[in-house]
Amino acid sequence: MRALASTALLAVLSSTALSAFAAPAYEHYLKLRPENVAIGNFPIEKKPILTVKSGATVRIDGGGGQRWQDKDPLVWAKEEGISLTAEQAAAMTETARVLKETPRQAGIDGGHILVGPIAVEGAMPGDAIEIRILSVEPRIPYATVSTRPGRGGIPDEVPEIYSHTVKLDLARKVGVYEPGIEIPLGPFMGVMGVQPPAEDGPNRRSGPPGVFGGNLDCKELVGGTSLFLPVFHPGGLFYTGDSHAGQGDGEVTVTAMETANTAILQFILHKGMKLTAPRAESTTHWMAFGLDPVLDKAMQMAIRQTNSYLFDLKGMEFKRAFTLSSIGVDFRVTQVVDGTQGIHSMIPKKIFVNDKSRFWSSK
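Description of the structure in this document. Here the structure is a predicted model, which is why all the values come from computation and not from measurement.

## Considerations on the overall build of the protein
- Helix and strand content of the protein: four helices and 23 strands.
- Relative to a compact globule of 363 residues, whose C-alpha radius of gyration would be 21 Å, the protein shows 20 Å and is just as compact.
- Along the first, second and third principal axes, the C-alpha atoms of the protein reach 60 × 50 × 40 Å.
- Put simply, 76% of the contacts in the protein that link residues at least 6 apart link residues at least 24 apart.
- Carbon and sulfur atoms provide 55% of the accessible area of the protein, an area that totals close to 15,500 Å².
- Computing the positive centroid from 37 side-chain charges and the negative centroid from 38, the protein places the two 6 Å apart.

Next comes the structure, spelled out in structure tokens:
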């Protein structure tokens, strides 16, 4: 594993804002401000808001949970019975401000609140950037899940717009859907991606994911996980947003537990690591992704990417990788609602007995 950056760490998150969890230290801090945000797309003309060296750690305050519509967000919270600390109230106000003041590009009025781009020094096409997810924690004590006609996994069967507020018990790490129904929290960023390849255009919308990452909506990408992304432009130009408190595989209504998170990420440059799609690694699994508007084709891509990953990890040729995938690897539906649908494979590390290597340490 590469060593952490030697630069003196400048700050530590306040325990009050994130329910007294022990946050990692970080070197840089990006606040949720209109100048730090793009909404609904990856604008190629937006200059980096931060340039970091490989190994740097960055705290990123994200936005979300904005189901108050035209109401004052703090009035809406009171009507919903949501109690707020001063920090949580400020987080809601920040989201309202960026929605109102952030310039839009190419006539794209709405979509994900994305913080970025962050450039990594020395990153060039043909390299990969590892986003080491040190922590992700909700900034606000609620999330929302919603439906609307024409969207989701059964778009023709949704009769009306519906939004439901889930109270987050941050001490117990559960979302209270209603009395007697509690969902374990698994905070993650739905969007993590570099600037898409040039053929995707200068203002690619943030809804569908792609080989650059983006709106993967993979619930496995929690704290302690790494996401590896291929680089298509100098610096990589990383964005993140779409804060989730948790999600089921599939994300069938088109929303997860939508909230506002703070993420602490470390950026590691891997020179010459040629990837054709995102990969990920947790303490227990390696993950490969398949992405296509047709779910069957997404599955086929995920199988091929898994075979390729097993070759890179263990030198396994096709017939061994493919047969091992059939008996030892799980393929899960990531999401079916983002236009480009997703499958991710879960390759258990434990099937390789007495092998403790990590993917990044071998490159």
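From this point on, the discussion continues.
## A closer look at the side chain of Gln 88
- Considering the arrangement of structural elements, one finds Gln 88 in helix 2 (residues 86–101).
- Exposure remark for Gln 88: the relative accessible area of 6% places this residue in the buried category.
- When neighbours within four sequence positions are excluded, Gln 88 is seen to be in contact with Ser 83, Arg 139, Ile 140, Pro 141 and Leu 170.

## Some points on the nonpolar core
- Ranked by internal contacts, the top residues of the largest apolar core, which has 46 residues, are Ile 118, Ile 131 and Phe 267.
- Among the elements that take part in this core, strand 8 (residues 113–120) stands out by supplying five residues, more than any other.
- Non-local contacts of Ile 131, meaning those with residues more than four positions away in its chain, are made with Met 192, Thr 225, Ser 226, Leu 227, Leu 229, Phe 238, Leu 265, Gln 266 and Phe 267.
- Within the second largest apolar cluster, 11 residues are counted, among which are Trp 286, Ala 288, Ala 321 and Leu 324.

## So, the pattern of salt bridges
- For the structure shown, the criterion picks out 17 salt bridges.
- A salt bridge links Glu 94 to Arg 33; the nearest nitrogen and oxygen atoms lie 3.5 Å apart. Of this pair, Glu 94 sits in helix 2 while Arg 33 sits in the loop between strand 3 (28–30) and strand 4 (37–39); the two residues are 61 residues apart in sequence, bridging distant segments of the chain.
- For Arg 33, a relative accessible area of 22% corresponds to the partly exposed category.
- A salt bridge links Glu 317 to Arg 320, with the nearest nitrogen and oxygen atoms 3.4 Å apart.
- With relative accessibility at 40%, the residue Arg 320 sits in the partly exposed group.
- Salt bridges sharing partners connect three or more residues here, namely Arg 33, Arg 59, Asp 61, Glu 94 and Arg 139.

## So, helix 2
- The first and last C-alpha atoms of helix 2 sit 22 Å apart over 16 residues, in line with the 22 Å expected at 1.5 Å per residue.
- Turning to helix 2, its buried residues are Gln 88, Ala 89, Ala 91, Met 92, Glu 94, Thr 95 and Val 98.
- Lining the buried residues of helix 2 we find strand 4, helix 1 (73–79), strand 8 and strand 10 (142–147).

## Brief notes about the sheet that holds strand 20 (residues 279–281)
- Spatially, the nine strands line up as an open sheet ordered 3-7-19-9-17-20-21-23-22, and their pairing is mixed. In this open sheet, the two edge strands, each paired with only one partner strand, are strand 3 and strand 22 (330–335). Strand-to-strand twist in this sheet, taken as the mean axis angle between neighbours without regard to direction, amounts to 25°.
- Bridging between strand 9 (residues 128–138) and strand 17 (residues 225–230) involves six bridges; their strand directions are antiparallel. Its bridge partner lying in strand 17, Ile 129 is registered against Leu 229.
- Lying on the sheet, helix 3 (residues 295–314) is in contact with strand 20, strand 21 (285–292), strand 22 and strand 23 (341–348); it crosses strand 21 at an angle near 145°.

About the thresholds
- Residues numbered from 1 in each chain as written.
- Predicted model: local features only at pLDDT ≥ 70, side-chain atom pairs only at ≥ 80, totals over all residues.
- Heavy atoms only, no water.
- Helix = DSSP H or I, 4+ residues; strand = E, 2+ residues; numbered from the N terminus.
- Rg over C-alpha atoms; globule rule 2.2 N^0.38 Å.
- Contact = heavy atoms within 4.5 Å.
- Areas by Shrake-Rupley, 256 points an atom, 1.4 Å probe, with all protein chains shown as cover.
- Lys, Arg positive; Asp, Glu negative; His and termini not counted.
- Charge placed at Lys NZ, Arg CZ, Asp CG, Glu CD.
- Buried < 20%, exposed > 50% of the residue type's maximum accessible area, 1.4 Å probe, protein only.
- Core = buried A, V, L, I, M, F, W, Y, C linked by side-chain atoms within 4.5 Å.
- Salt bridge = Lys/Arg side-chain N within 4 Å of Asp/Glu carboxyl O.
- Expected span 1.5 Å × (residues − 1).
- Pairing = 2+ DSSP bridges.
- Axes fitted to C-alpha atoms, helices over the stretch in contact; angles between N-to-C directions.

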